[in-house]
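Now for the letters of each chain:
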Amino acid sequence: MYSDWSSLTVQLQTLGTATQSVLAKLPQEDGKQVVASVVHTVAANLGITVPAEARPSPLQTEQEVNWCMEVICHGLCLPLEDHMVIRDCVNIYCEWLSALLPNPKLCVPKPVLEDPNHYARKIITHFNHLFVPRKGEAQETIHRQAVVCHRVLRRVQELAQQSQIMERDTWDTLLSFLLAINDALLAPPAIKDDVGDQLCERVLGVLYEIWLIACVKSFPGPTLWKTFQEMCMNWRHRTGLVTQWNRVNIALLARQLTFMYGGKMPQLNIPKEDAELVPEQMTKECIAQASYRFLNSLGNPVELSKPDKVCQTQQFFQYAIVSDSVIDPTHHPCLHSLPTIFFKAMKGISAMVDAYLGLPKASQLMSLSRSSSAASGPGSASSLQQPAGVPGFIASSSAYVLSAVTGTLPEHQAVEPSLTRPRCSSILHLFGPWLFEAAFIGSEFAKNFATAESGVNTTPSGVRRPNELNMNPTISPRPSSLSAPGNSLGAEPLDLPPALTPDRFESGRAEAIGALCRIFCAKKTGEEILPSYLARFYMAVQQGLKVGPDKIVSECLASVLLNSSNLMRIDLEGANLLAPYLVTALETVLPEREIKLASNTINRSDLRRCAIHLLESMLTLPLHYANMPIKELVPGSDRNTPLTNFNHLKPRLVNLLVNALQVETETGNAQMLLGCLLLMVQDSSALEEAELRQSDGYSENSARNSGNIFAAASDTQSSFSDYTSLSNDDHEGRYDQGGHDAASDSAHALFVRATYLVCHRLISSWKTDLNTSLAALELLSGLARINIPEQDALECKRAVKWLCDYIVTQCSRPPPAHSKDLHSSIVAAFQTCVTWLVHHPYLLGDKECLATVVEVAELGISGTKSQNRASDIPVMKEDKDLSPASRRVRDAAEHLLSVVLEQVGYFPNACGAESLSTLLDEANLVMQCNSWNGEDISTQDAVQAFRYFVIDQSVILGILEEPLGNDQDPQPTVTVLIRCPSNKAAWTLQLRHLPRHKSGQVQRSANPGRPMAMEDQGTRNDSKPCFFPDSIDRIPLCAADRSIPAVESIAGDERAAMELDRLSRLMESQADLERDLDKQATNDQSYHVEFECTPPEPCTEFQTARLILSHLGFLSIPALKAAVDSPVPRLVALENDGIGFVQDLEALDRLSPRTNDTILAFYVRAGQNKAEHIVHNALAGDLTPLYLELLAALGWPVQVATHPGWTGDVNTSWKVTAAEQVDDHRDHRDPGPGPARFNGEHSVLYWADVASELAIVVPSQLQDQSLTDVISRPSSAQGAAFLVPESGQSGQSGSGPNSGAFERASNDRNSLKRNQERLERAPTSLSLELDQEQTARRKLGRTQGSGGGAEQKVVLVWLESMEDADFFPLGDLVSGVNNVCLLIFIHPLASGLLRVKLSGHIGKMNFATPLVDGMVVSRRAVGPLVRQTALNMCRRKRLEADTYQPPHVRRKLKIQDMVQKYRSHMTEAEFYAHLFNSPRL
């Protein structure tokens, strides 16, 4: 940079001889006497100790002043034992220099006042003698010299800071003086506690400070800059030089970043004294010029690792010549600090790299302490620990350096580079040559730098481009060996001392490699990096990843792992070449319970976390690239395990994952590993299923699948199909070439290993940690959902048994251990058990498995088992005291029992997965009755045809006693609508006395076929029957016969007489009728058929409600009476004509028995950050097929109007509309070619299982802000910027009438009308309306948006550019940001794989599995994994909420509420009488 300019180095090094006083020619004692007498006289006028004694100087002429200055100059050269004289000389000169200050001292001679610059230059030059080291001085005298030197330096600082009249020549003289004294003190080899050692920090600090001031007031010329650089090269063995170099570089860079990037870059937080180094008035141009010159003032900092270069100075050669103990200059003891100096230099460069990248957390100021390099990716950080026994690390309080190492800050999110950072290639142009050279120290390639230098200074001059930066063809040929670090530096001397061998510079090399990794991992989407840089970087990483003997993790290896979290997920061209080396490196970290570290400064936890991030970005590579060969990075080099293609990495990755899980103890790391494990099983299963299903590869099939739903994508082939399509030939023998058993890597094998490992660790070591337990249970739920053809029933049974054992273990823990977290884990285990049983219903066919499940349900409900051992006598339910672990545990156990009895083996039912309940209601059933006249009937009228009873306050029976029209048998028929906590069911029951196959065979003919009467009739005997003896009339009456009086005689009053008379007339009339009948029978002698006895006709009119309730045993007297423990009888009748009964019944039907959540899907084009632009993308037809494919994998399309389940909006959910009504009101507008058709107006994507409903909505327009709630929400919550604690957020619960993600303008009037109607109704304490409207009106802070049955939202964002995640306008797109529990960003990589980024609330459960932040997933697996992650996150938020009630509990409470409102209070007799009254239709 200054090759054409002359240097002042030699001139300044001989300055002492050139400025020698004439008194030096006299004998030493004579000169001392002259100086002592003159100086004493002059100093007496100064008033140093007593300012009042200061008097004007007697020196009035130039000659007098010049003569005195000759004397004083000689005094500054005196030995240190004459320190009093020296002190007086210093005081005189320092006072005279005040002539340059605004207020000169009184004692300053007149000539000096008249021409201060001239005399100041002479004085400053004379001061050089004071700083010259004296040989053989004692420690005390050296200290005295340091004291007077400090006095001079303070005065010089005052001049530079305050003087307004200094001329350019004076500035040059001052800077030359500072260079000269620094060279005099620092150039000689360092000796402990000599004057150079004591003054090193001070003189360097003053030099840099005044030089910066000079850059403002009188910018130094090229000659001075060249001299400055040359002299700095002589001081490189001094630790303080690099310290000051770092300070100035960072201080200038902090100012430089502000005007280069404005306020967009994170501000560098540096100490105040460092910031004050740079004058405020320094211009932008001056800062830029000065910063570049200071950066290059040390030449090539990597030469600090080369002792032979550092010691090539005159002073070192001279010392080696005269010393008996030092043969070669490199053996001087002071050079032993070079490793530390080099490390500090690299740390400073690394800090500047971080500043350019905008990593504020990675650039925290710290005292000089050694620490490991750290990551810039997710979870990046390593502890800043003070090393033990590292020499040269004690510095003055002002000696700070920016650490390039991030600290472990659990309260902060991961450090991410600034979006306004410069391009990676730009940073490499500036620092690349140094960092690359430092990265190869000790490797085989170091000699390339040594040969390439050949005397040329390799400073990043800005003119030399990558092809010139030592990237010569000498790297390419096959090296002789890469395994012997002893070859190290080819240009090294033969006999370096042990303290200076290349391995001693490992820390600095690690810092350089870490900085390189951070630069390359900061690559933006679509950014290009020069191939020459990439090639050099890959070689540096490969060298740094070398594993030492005994699997000891070196500092370089740790630095690569800590700083390369993003390496395999940012589309670095050719990065997959590093996969084998990375896997080998990870095998030394992840499977080890105690990692062997070469340095105690490396944080093990951070190392494991960053290693897991690397692992999760490589898991999909083997199945994605299959047999694609991996080229050798260094041809001919030896590898421990030869790898030829990606398939060979799979068993190693699986073993890594399993072994890492076995030894992992940290919660966050364990969750990431569990997510990775499910990814492996899911991806393997999906690939095997695709291979079995067809032979033309996965990508074509998936494109067709997406086309079934998205017409726009039906004929579009994925641009990435070439990467993912695999022919049968590729699949055959895929694993055979690897020399391992294919069965060991199959999805079934992975399933078995994962199940066994996770269940074992869940019970043994994870049961005390909530988040790890939840992640393990989520993995087991995911495994249950995976369809593996050759799945072993025994393995599944064992998994369910382990789950039940886990519940028993948790419930059996002592009372002090019972907490909310413990119960949350038990509830999650019950939910996982439900998932297993629903997806594997055959398990309940096993007696042992069924008994285990029912026992654990009993344990959850009652708190104890009926039989703890098989030999125990069972305890009956009536004899047990109900003491469940908690209400939540009891509710979860009841849900398990309900699912076992109602859903296992029956899901999905005839209605499909959209509904667990029947779609029939009262109106549908009444219109099927025989009595229906064909007119439309309202629900209000239909309800009147039913009788309503409630059993045990939990089941509502709606009984229709009229048989349906399709029933031909005259049997007692009853139709029952059963509304229970778990669902609504419609049953038709018949009372049958014969089996169906015999019901039509009973003979009921009117003529049984008897023979006719004979024509010849015999004589009839007309004798009357005699009832009493003939002699009865002849027997006289006795007194007893007359004891019964005649009727007429007892009529006491007129009324009685009239009744008796009426009775007598009735008797007479009846007697006449009987006589007439007898006469007719006597006259008619023929035979009549009607006289034949016939059986009665069967009854066809029944009161079936009475029959069914009686047969079920509910009409007993005890069932109708209130008990002591229950004020409400077991069976009560409801008044169905009560006000609001129909509305409450409909509200109960709209209470879903499943949880309901919503995924809002957005597509963000590169650079978009406006909400209106983002939602408009849904209308476009040119969206990537991968996005459409993802949406198709999340759920199936349903029509909102006819959909009986969750639609994403509470106003349209859980309704069924007749198809003809839908056709009449359907808006036939074309939704366009994009996925906007699923915006929730007419269609949504939907997915459901037995416990959850999920609506996937693609918004196509912004919500009308005028209808939003009165509670304000953040107007521009940006991407991850909404990560604030939930208690600080305000917003509605998410289930209100306006909380649907997309309120349409066309529905505004209807919505407002519905809201008004709802508000007019009397609110009930446990009704759905409370959760919808009143929750939003609660006081802020009373709710966290997740209580009650609130819907949770997950936002899914497809990013074309990963950098847009930080600017995602969440608050403008989604109302109620507090209900958004997770953001999932998906970014497609060039390889066809997908990168995942997660963002969520900061809290106890901030993330769920299986997706993990930074994971790279395949197209095959991304759909199920996104869906499971969304469901798991919503489930975690509900576990965390104190006020949450499960759906079946909410339905039960609603039923109890209806009992209280509509119960018919009747006595037992009135109840029985009520049963005999027919309901009115």
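In every chain, residue numbers begin from 1 and rise along the written sequence. Residue-level local features of this predicted model are given only where pLDDT is at least 70; pairs of side-chain atoms are given and counted only at 80 or more, and the full residue set underlies all totals for whole chains, interfaces and linings. Excluded from the side-chain calculations are hydrogens and water; all other atoms, namely the structure's heavy atoms, are used.

## Concerning the overall build of the chain
In DSSP terms, a helix is any run of H or I states spanning at least four residues, a strand is any run of E spanning at least two, and both are numbered starting from the N terminus. Check the secondary structure of the chain and you find 52 helices and 15 strands. Accessibility here uses a 1.4 Å probe with only protein chains present; expressed as a share of the type maximum, an area under 20% marks a residue as buried, one over 50% as exposed, and anything in between as partly exposed. Looking at the chain as a whole, 56% of its 1481 residues qualify as buried. Contacts between residues were defined by any pair of non-hydrogen atoms, one from each residue, lying within 4.5 Å. Excluding contacts between residues fewer than 6 apart, the proportion of contacts in the chain whose partners are at least 24 apart in sequence is 77%. Here the open area of atoms and residues is found with the Shrake-Rupley method and a 1.4 Å probe, where only the protein chains shown may cover a residue. When the accessible surface of the chain is split by element, carbon and sulfur atoms take 53% of a total near 64600 Å².

## Quick word on the nonpolar core
If you look at the biggest cluster of nonpolar residues, it comprises 310 residues, and the most contacted ones within it are Trp 96, Phe 131 and Phe 431. Among the elements that make up this core, the one with the highest residue count is helix H11 (residues 195-217) (13 residues). Beyond its immediate stretch of four places on either side in the chain, Phe 431 contacts Leu 295, Ile 349, Met 352, Val 353 and Tyr 356. Definition of nonpolar core: a set of buried residues of the types Ala, Val, Leu, Ile, Met, Phe, Trp, Tyr and Cys, connected through side-chain atoms within 4.5 Å. If you look at the next biggest cluster of nonpolar residues, it comprises 29 residues, including Val 1164, Ile 1174, Ala 1255 and Met 1362.

## Some points on the sheet that holds strand E15 (residues 1416-1417)
As summarised here, the arrangement of the 8 strands in space is E9-E10-E11-E8-E12-E13-E14-E15, forming an open sheet in which the pairing is mixed. Only two strands of the sheet have a single neighbouring strand rather than two, namely strand E9 (1196-1199) and E15. For two strands to pair, DSSP has to find at least two bridges joining them. Two elements, strand E14 (residues 1394-1400) and E15, share 2 bridges in a ladder whose sense is antiparallel. Counterpart to Leu 1394 in the pairing with E15 is Val 1417.

## Digging into unusual backbone geometry
Residue Pro 908 follows Phe 907 across a cis peptide bond; omega there is -5°. When you line up the elements, Pro 908 lands in the loop between helix H37 (887-902) and helix H38 (922-926). Along the chain, Thr 1409 connects to Pro 1410 via a cis peptide bond; the corresponding omega equals 10°. Among the structural elements, Pro 1410 can be located in the loop between E14 and E15. In this structure, Asp 571 takes a positive phi of about 60° despite not being glycine. Even without a glycine there, the phi angle at Asp 952 is positive, about 55°. Structurally, the position occupied by Asp 952 is in the loop between strand E3 (946-951) and strand E4 (955-960).

## Here's the deal with the sheet that holds E3
Pairing in this open sheet of 5 strands is antiparallel, and the strands run E6-E5-E4-E3-E7 from one edge to the other. A single partner strand is all that each edge strand has here, and the edge strands are strand E6 (984-990) and strand E7 (1131-1134). Taking each pair of neighbouring strands and ignoring which way they run, the sheet shows an average axis angle of 25°. Where E3 lies against E7, 4 bridges are found, and the strand directions are antiparallel. Counterpart to Ile 951 in the pairing with E7 is Leu 1131. Geometry is summarised by axes, namely lines fitted to C-alpha atoms with helices restricted to the contacting stretch, and by angles between N-to-C directions that run from 0 to 180 degrees. Against the sheet, helix H51 (residues 1447-1462) makes contact with E3, E4, strand E5 (973-979), E6 and E7, and its axis sits at roughly 70° relative to E7, the strand it touches most.

## Remarks on empty space enclosed by the protein
Put simply, the grid is 1 Å and covers the protein atoms alone, a cavity is a trapped set of points that fit a 1.4 Å probe, a pocket is an open set with protein on both sides within 12 Å along at least five of seven lines, and lining residues have an atom within 4 Å of a point. Grid points are joined across faces, edges and corners, and a volume is the space filled by probe spheres set on the points. Under the criterion given, the structure shown has 13 cavities of 30 Å³ or more. Estimated volume of the largest cavity: approximately 380 Å³. Lining the largest cavity are 22 residues; nearest its centre among them are Gln 831, Thr 1155, Tyr 1444, Pro 1446 and Pro 1447. Of all the elements in the fold, those that place two or more residues in the lining of the largest cavity are helix H35 (820-839), H37, strand E8 (1155-1164), helix H50 (1419-1440) and H51. For this classification, the nonpolar set comprises Ala, Val, Leu, Ile, Met, Phe, Trp, Tyr, Cys and Pro, the charged set comprises Asp, Glu, Lys and Arg, and every other residue, Gly included, is treated as polar. When the residues that make up the lining of the largest cavity are grouped by side-chain class, the tally is 11 nonpolar, 5 polar and 6 charged.

## What to know about a nonpolar patch on the surface
Among the surface-exposed residues, Phe 1027, Phe 1028, Ile 1032 and Ile 1035 lie close enough to one another that they form a single nonpolar patch of about 490 Å² accessible area. Here Ile 1032 lies in the loop between E6 and helix H40 (1054-1083). On the accessibility criterion, Ile 1032 (42% relative accessible area) is partly exposed. Patches here are clusters of residues that have more than 30% relative accessible area and form no salt bridge, with a 9 Å joining cutoff for like charges and a 5 Å cutoff for nonpolar side chains (Val, Leu, Ile, Met, Phe, Trp, Tyr). Throughout this description, the term salt bridge denotes a Lys or Arg side-chain nitrogen within 4 Å of a carboxyl oxygen of Asp or Glu.

## Remarks on the packing of helix H18 (residues 338-357) against helix H21 (residues 506-521)
Running from amino to carboxyl end, H18 crosses H21 at an angle of 10°, the nearest separation of the two axes being 8 Å. In terms of orientation, H18 and H21 fall into the roughly parallel class. Judged by residue contacts, Phe 342, Phe 343, Met 346, Lys 347, Ser 350, Val 353, Asp 354 and Leu 357 of H18 engage Ser 507, Gly 508, Arg 509, Glu 511, Ala 512, Ala 515, Arg 518 and Ile 519 from H21. Within the contact of H18 with H21, the residues separate by chemical class into 8 nonpolar, 3 polar and 5 charged. Put simply, angles under 35 degrees are roughly parallel, angles over 145 are roughly antiparallel, angles from 65 to 115 are roughly perpendicular, and the rest are oblique.

## Let's talk about the packing of aromatic side chains
Any pair of Phe, Tyr and Trp rings, taking the six-membered ring for Trp, is counted once the centres come within 6.5 Å. Such a pair is stacked with planes under 30 degrees apart, edge-to-face with planes over 60 apart, and tilted for the rest. Scanning the entire structure with this criterion turns up 29 aromatic pairs. Judged by centre distance (5.5 Å) and plane angle (65°), the rings of Tyr 756 and Trp 802 are edge-to-face. Placement of Tyr 756 in helix H32 (residues 747-764) and of Trp 802 in helix H34 (residues 793-811) is noted, with a sequence separation of 46 residues between them. The exposure class assigned to Trp 802 is buried, which follows from its relative accessible area of 19%.

## Some points on the pattern of salt bridges
Oppositely charged side chains may form a pair once their charged atoms are brought near each other. Throughout the structure, instances matching the rule amount to 41 salt bridges. A salt bridge links Arg 236 to Glu 303, with the nearest nitrogen and oxygen atoms 2.8 Å apart. Here the residue Arg 236 occupies a position in the loop between helix H12 (222-234) and helix H13 (239-261), and Glu 303 occupies one in the loop between helix H15 (284-295) and helix H16 (307-310), the gap between them amounting to 67 residues. By relative accessible area, Arg 236 is classed as buried at 4%. A single network of salt bridges, built from pairs that share partners, joins Glu 95, Arg 151, Arg 155 and Glu 158.

## Some points on H32
Any helix carries an expected span of 1.5 Å times its number of residues minus one. Its 18 residues give H32 an end-to-end C-alpha distance of 25 Å, which sits within 8% of 26 Å, the value for a rise of 1.5 Å per residue. If you check which residues of H32 are buried, you get Ala 747, His 748, Ala 749, Leu 750, Phe 751, Ala 754, Thr 755, Leu 757, Val 758, Cys 759, Arg 761 and Leu 762. On the buried face of H32, the contacting elements are helix H27 (649-663), helix H28 (667-693), helix H33 (770-785), H34 and H35.

## Examining the confidence of the model for the chain
The quantity called pLDDT is the predictor's confidence in a given residue, expressed from 0 to 100. Across the chain, the average pLDDT comes to 76, with 74% of residues at 70 or higher. In the model of the chain, strand E2 (residues 400-402) stands out as the element of lowest mean pLDDT, 30, in contrast to E15, which has the highest, 94. Note that residues 361-413 has pLDDT below 50 and, in this model, 181 contacts with residues that lie over four places away or in other chains. In this model residues 451-494 is a low-confidence stretch, pLDDT under 50, and it forms 85 contacts with partners more than four residues away in sequence or in other chains.

## Quick look at the pairing of strand E11 (residues 1252-1257)
Taken residue by residue, a regular strand's side chains alternate between the two faces of the sheet. Counting buried positions along E11 yields 6 of 6 residues, so the element is predominantly enclosed. Burial along E11 is two-sided: the face carrying Ser 1252, Leu 1254 and Ile 1256 and the face carrying Glu 1253, Ala 1255 and Val 1257 are both buried. Across 6 bridges, the pairing between E8 and E11 is parallel. The residue of E11 that forms the bridge with Ile 1159 is Ile 1256. Between strand E10 (residues 1243-1248) and E11, which pair antiparallel and follow one another directly, the connecting turn spans 3 residues.

## Let's talk about the side chain of Ser 954
Structurally, Ser 954 can be placed in the loop between E3 and E4. Classification of Ser 954 by relative accessible area gives buried; the value is 14%. Apart from the residues lying within four places of it in its own chain, the contact partners of Ser 954 are Arg 979, Cys 980, Pro 981, Lys 1452 and Ile 1455.

## Describing the packing of H28 against H32
Where H28 contacts H32, the axes come no closer than 9 Å and their chain directions differ by 155°. Here H28 is positioned roughly antiparallel relative to H32, judged by the angle of their axes. Crossing angle aside, the handedness with which H28 passes H32 is left-handed. Residue-level inspection shows Leu 674, Leu 677, Met 680, Val 681, Ser 684, Ser 685 and Glu 688 of H28 in contact with H32, the latter providing Ala 747, Leu 750, Phe 751, Ala 754 and Val 758. It is the rotation of the near helix from the far one that decides the hand of a crossing: anticlockwise by less than a right angle makes it left-handed, clockwise makes it right-handed.

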